[in-house]
Amino acid sequence: MAINNQLLAVVQNIENERGVSREIVLTAIEQAIMQAARKNQAVTNDFRVFINRQDLSIHIFDTFVCSDEDTGPGFISLSMARRVKPDIKEGEALEVEMPPAKLGRIAAQMSRQMIMQKIRDAERSNTFTEYRDRIGDIVSGTVTAIAHRDVYIMVGKTEMLLPGRHRIPGEDYQIGDSIRAVVERVDTDDHKGPSVLVSRTSPKFLEALFRLEVSEIQDGVVEIVSVSRDPGYRAKIAVRTSNENIDPVGACVGQKGSRVRTIVNELGGEKIDIVRWSDDIRQFVTQALSPAKLESVTVDPAEPNTVHIVVSPDQYSLAIGKRGQNVRLTTKLTGWHIEVKKSLATASFDELKAEAIKELAETFSVSTAVAKQMAEAGFLTVDGIVAADEATFIASTGLDEVTAKGVYAAALAVSELTANNEK
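Summary of the structure given here. (Residues numbered from 1 in each chain as written. Predicted model: local features only at pLDDT ≥ 70, side-chain atom pairs only at ≥ 80, totals over all residues. Heavy atoms only, no water.)

Here we come to a negative patch on the surface. Together, Asp-68, Glu-69, Asp-70 and Glu-90 make up a negatively charged patch on the protein surface. Locating Glu-90 in the fold gives a position in the loop between helix 3 (78–84) and strand 4 (93–98). Under the relative-accessibility criterion, Glu-90 is labelled partly exposed at 45%. (Patch = residues over 30% accessible without salt bridge, like charges linked within 9 Å, V, L, I, M, F, W, Y side chains within 5 Å. Areas by Shrake-Rupley, 256 points an atom, 1.4 Å probe, with all protein chains shown as cover. Salt bridge = Lys/Arg side-chain N within 4 Å of Asp/Glu carboxyl O. Lys, Arg positive; Asp, Glu negative; His and termini not counted. Charge placed at Lys NZ, Arg CZ, Asp CG, Glu CD. Helix = DSSP H or I, 4+ residues; strand = E, 2+ residues; numbered from the N terminus. Buried < 20%, exposed > 50% of the residue type's maximum accessible area, 1.4 Å probe, protein only.)

Taken together, the buried positions of helix 9 (residues 281–288) are Ile-281, Phe-284, Val-285 and Ala-288. Along the axis of helix 9, the buried residues cluster in a sector spanning 95°; they form a single face. At the N-terminal boundary of helix 9, the capping side chain belongs to Asp-280, with an oxygen 3.0 Å from the backbone nitrogen of Arg-282. (Arc of directions from axis to C-beta. Polar contact = N/O pair within 3.5 Å; in protein donor to acceptor, adjacent residues only side chain to side chain.)

With that out of the way, let us pick up the pattern of salt bridges. Counting across every chain of the model gives 18 salt bridges. Where Glu-171 meets Arg-200, a salt bridge forms, and the shortest distance between an N and an O atom there is 2.7 Å. Taken as a pair, Glu-171 in the loop between strand 7 (158–162) and strand 8 (178–186) and Arg-200 in the loop between strand 9 (196–199) and helix 5 (203–213) lie far apart in primary sequence, 29 residues in all. Across the pair, exposure class does not vary: Glu-171 and Arg-200 are buried alike. The partner of Lys-236 in a salt bridge is Asp-273, and the shortest N-O contact between them spans 2.9 Å. Separated by 37 residues along the polypeptide, Lys-236 in strand 11 (residues 234–241) and Asp-273 in strand 12 (residues 271–276) bring together distant segments of the chain. You can call Lys-236 buried: its relative accessible area is 0%. With relative accessibility at 18%, the residue Asp-273 sits in the buried group. Salt bridges sharing common partners tie together Glu-171, Arg-180, Arg-200 and Glu-266.

Below, the discussion takes up the packing of aromatic side chains. According to the stated counting rule, one finds three aromatic pairs in the structure shown. The cationic tip of Arg-240 hangs over the ring face of Trp-277; the distance from NZ or CZ to the ring centre is 4.6 Å. (Phe/Tyr/Trp six-rings, centres within 6.5 Å; stacked < 30°, edge-to-face > 60°. Lys NZ or Arg CZ within 6 Å of the ring centre and 35° of its normal.)

Residues Ser-290 and Pro-291 are joined by a peptide bond in cis, for which omega reads 15°. Residue position: Pro-291 is located in the loop between helix 9 and strand 13 (296–299). Positioned with a positive phi, His-148 is a non-glycine residue whose angle comes to about 60°. Relative to the helices and strands, His-148 is located in the loop between strand 5 (138–147) and strand 6 (150–155). The phi angle at Ser-365 is positive, at roughly 50°, despite the residue not being glycine. For Ser-365, the position within the fold is in the loop between helix 12 (349–364) and helix 13 (368–376).

In this section: the sheet that holds strand 6. Pairing in this closed barrel of five strands is mixed, and the strands run 5-6-7-9-8 around the ring. Averaged over all neighbouring strand pairs, the angle between strand axes comes to 55°, with direction disregarded. With five bridges connecting them, strand 5 and strand 6 associate as antiparallel partners. In the strand pairing of strand 6, Thr-142 is matched with Met-154. Where helix 5 meets the sheet, its contacts fall on strand 5, strand 8 and strand 9, and the angle it forms with strand 8 comes to roughly 120°. (Pairing = 2+ DSSP bridges. Axes fitted to C-alpha atoms, helices over the stretch in contact; angles between N-to-C directions. Contact = heavy atoms within 4.5 Å.)

With that settled, consider the packing of helix 9 against helix 11 (residues 325–334). Where helix 9 meets helix 11, the axes come as close as 10 Å, and the angle between the chain directions of the two elements is 140°. Compared by their axis directions, helix 9 and helix 11 come out oblique. Here helix 9 and helix 11 pass one another in a crossing that is right-handed. On helix 11, the residues that touch Ile-281, Phe-284, Val-285 and Ala-288 of helix 9 are Asn-326, Thr-330, Leu-333 and Thr-334. (Parallel < 35°, antiparallel > 145°, perpendicular 65-115°, else oblique. Left-handed = near helix turned anticlockwise from the far one by under 90°.)

So, on to the sheet that holds strand 15 (residues 337–342). A sheet is described by the order of its strands in space; here three strands give the open sequence 13-14-15, paired in mixed fashion. Among the strands making up the open sheet, the edge pair consists of strand 13 and strand 15. Adjacent strand axes in the sheet meet at a mean angle of 20° when their direction is disregarded. Bridge count between strand 13 and strand 14 (residues 306–311): four bridges; the pairing is antiparallel. Residue pairing across strands places Val-299 opposite Val-307, the latter belonging to strand 14. On top of the sheet, helix 9 reaches strand 13, strand 14 and strand 15; it is set at about 135° to strand 13, its chief contact. Lying over the sheet, helix 10 (residues 313–320) contacts strand 14 and strand 15, oriented at roughly 155° with respect to strand 15.

Here Phe-75 is to be found in strand 3 (residues 75–76). Among the residues examined, Phe-75 registers a relative accessible area of 33% and is labelled partly exposed. Sequence separation between Phe-75 and Thr-44 is 31 residues, and the spatial gap between their C-alpha atoms is 9.6 Å. Not counting residues within four places of it along the chain, the set of residues in contact with Phe-75 comprises Phe-64, Val-65, Ser-67 and Asp-70.

Time to look at helix 5. Taken together, the buried positions of helix 5 are Phe-205, Leu-206, Ala-208, Leu-209 and Phe-210. Backbone nitrogen of Lys-204 and a side-chain oxygen of the N-cap are separated by 3.0 Å at the start of helix 5; the cap is Ser-202.

Considering the arrangement of structural elements, one finds Thr-397 in helix 15 (residues 390–397). For Thr-397, a relative accessible area of 5% gives the class buried. Of the polar contacts made by the side chain of Thr-397, one reaches the backbone oxygen of Phe-393; its length is 2.9 Å. With residues up to four places along the chain from it excluded, the contact list for Thr-397 reads Gln-373, Met-374, Ala-377 and Phe-379.

Structural measurements only, silent on function.
Have a look at this one:
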């Protein structure tokens, strides 16, 4: 039998354009025709469709019960049944091949709609199967459309979505541009648009770029422990190795900075700090806050995962970073809360006073103005307040009586608690 050229053309087109295998397409067509046909009252529940995989000929079968008494859907006369099977008996079932025209025009139209739906479902299933295990991998594609800030990217035969919030600030794209991103998520229940979401702002993207550029990471000699990013501005990556002959930071930097420079260029100039990981949190934090020079690093015994840093006043801005960026990224990198304070030993009188005002405001939950009024009167500490009697404190500070009495009572409570703890 000659190959069904029309069906072959449809199947080949779907294979080439959508990347869906021939077997999935043919199975989808069989199921769609069956579903559409069952809406026809003239067919039974045993109705089935088979497409010959060799010549793509379509065969339709239905099952009837032989009866000379019962008529209508599902029954066939004994005389007609014996034309197909001469030895058949009354009451036996017989499967008969039907002409495709039996389905009718409406069923044919419905089957076409169902076929396309099943092809779309198969396409989505293929996409999910292909990319569900590739989360964290880099893909390269071409920009096909831009809607507001969302960018649609064609990677092979799969359309992916780069949402606006996953674009690096300052980057601009045009249709036809080549683009790289990391597979962030694969959706299975989104029936509108791409089901693969990619990102250029995710820490996974930075990690994947280092895997591509640094052979020691690919080989498992150097390990990425953690990553933190302020996309487009600055990032930190912590690395370690169990090989004493390998410098993990140097491996990531590359000869004359070649490796990290390639990654910085991909990220539009984002600065990258490569930090040597340490299981000693004090050493790890010191490395992460570099180039700031720290005077002391202390682990808080009372608050879990909290580190107190002391720096000289001239190092304070460097340790904190612009808009607190350096401390914020270090906190994400280490997983520890970090508090940075200026060293009072080398601080000026004005800096000491400002620090005292800040401490008073935090200790007594009062406004900066109230704390400043107390400091101006010479009350810089809890001990200094309780050293005076209540009347003197009220008169000296000039605070309203309610506020002054509340602060004095709180100072007494703090002093008593401290004394008890020291016993």
